[in-house]
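Working through the structure, step by step
Letter by letter, the chains look like this.
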Amino acid sequence: MKKLAVFFAQGYEEIEALTVVDICRRGGVETDMVSVTGEREVTGSHGICVKTDKVFEELAFEDYAMLVLPGGMPGTRNLEAHSGLMAKVDEFYSKGKYIGAICAAPSIFGHRGILRGKRACSYPSFESHLEGAEVTSGPVEAAGNVITSRGMGTAIEFGLAILGIFCGEEKAVEMAEAIVYR
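Treat the numbers as computed from the prediction; the structure is a model and nothing was measured.

The subject of this paragraph is the overall build of the chain. For the chain, the helix and strand inventory stands at 6 helices and 11 strands. The C-alpha atoms of the chain give a radius of gyration of 15 Å, which matches the 16 Å a tight globule of 182 residues would have. Its C-alpha atoms give the chain principal-axis dimensions of about 35 × 35 × 35 Å. Once local pairs closer than 6 in sequence are excluded, the contacts in the chain between residues at least 24 apart make up 62%. Side chains of the chain carry 18 positive and 25 negative charges; the gap between the two charge centres is 3 Å.

Pasting the structure below:
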């Protein structure tokens with residue numbers, strides 16, 4: 001099952017969310033943009049409004065292989081305040097299904113105890129929230145079914161890492177070359 005959901009809350013970081021969507025869709029991974037606001041249109045932290053594919057309440061979560069949380073402020077706080085989404089993050093983690101977060105959003109995993117004993121990274125000012133993690137300054141950390149990344153500048157690497165999980169490392173390398181990444 002190769003289907004991802006990227007969640008959008010008011011104040012999300014546009015590049016972090018849309019880069020994952022773009023790379024995964026280019027690579028052939030079905031990727032839904034999902035609003036947690038109840039409305040399809042969601043405005044990011046820099047005033048860019050995006051029309052999502054679905055709203056949270058429409059999701060059949062059993063159809064998804066991964067949940068992705070972009071950062072941004074107040075987007076990260078708004079994602080964490082959504083109790084339904086947090087229940088699904090916990091469920092995916094406990095079932096060994098993939099969860100990913102970038103920038104400030106890995107702090108959500110830290111607050112939920114998901115990062116204990118794992119290598120993880122986040123935006124530097126949020127590293128103190130990665131409770132129990134071995135905090136790194138790497139651009140992306142994959143620890144079992146948990147993927148974290150540092151921020152807007154690492155969004156392409158984050159997207160490629162996710163693509164690699166679902167389509168293989170060779171496909172991720174091909175995609176990096178196709179988008180002229182490094």
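Turning our eyes to something else, we now look at unusual backbone geometry. Met73 connects to Pro74 through a cis peptide bond whose omega is 5°. Counting through the fold element by element, Pro74 comes out in the loop between strand E6 (66–69) and helix H2 (75–80). Of note, the phi angle at Cys103 is positive, near 70°, even though the residue is not glycine. Looking at the element boundaries, Cys103 is found in the loop between strand E7 (98–102) and helix H4 (106–111). The phi dihedral of Val180 falls on the positive side, at around 60°, and the residue is not glycine. Here Val180 is to be found in the segment after helix H6 (169–178). For Val180, a relative accessible area of 73% gives the class exposed.

Next up on the list: the packing of aromatic side chains. Applying the stated criterion across every chain, the model contains 6 aromatic pairs. When the ring of Phe7 is compared with that of Phe56, the centres are 6.4 Å apart and the planes differ by 55°; the resulting orientation is tilted. Of this pair, Phe7 sits in strand E1 (residues 3–8) while Phe56 sits in the loop between strand E5 (54–55) and E6, and the two are 49 residues apart along the sequence. The exposure class of Phe7 is buried, given its relative accessible area of 0%. Taking the centre distance of 5.6 Å and the plane angle of 70° together, the rings of Tyr98 and Phe166 count as edge-to-face. Remark: Phe166 occurs in helix H5 (residues 155–167) and Tyr98 occurs in strand E7; sequence separation between them is 68 residues. In this structure Phe166 comes out as buried when scored by relative accessible area, which is 15%.

Reading guide: rules and limits
Residues numbered from 1 in each chain as written. Predicted model: local features only at pLDDT ≥ 70, side-chain atom pairs only at ≥ 80, totals over all residues. Heavy atoms only, no water. Helix = DSSP H or I, 4+ residues; strand = E, 2+ residues; numbered from the N terminus. Rg over C-alpha atoms; globule rule 2.2 N^0.38 Å. Contact = heavy atoms within 4.5 Å. Lys, Arg positive; Asp, Glu negative; His and termini not counted. Charge placed at Lys NZ, Arg CZ, Asp CG, Glu CD. Buried < 20%, exposed > 50% of the residue type's maximum accessible area, 1.4 Å probe, protein only. Phe/Tyr/Trp six-rings, centres within 6.5 Å; stacked < 30°, edge-to-face > 60°.

That is the geometry; function is a separate question.
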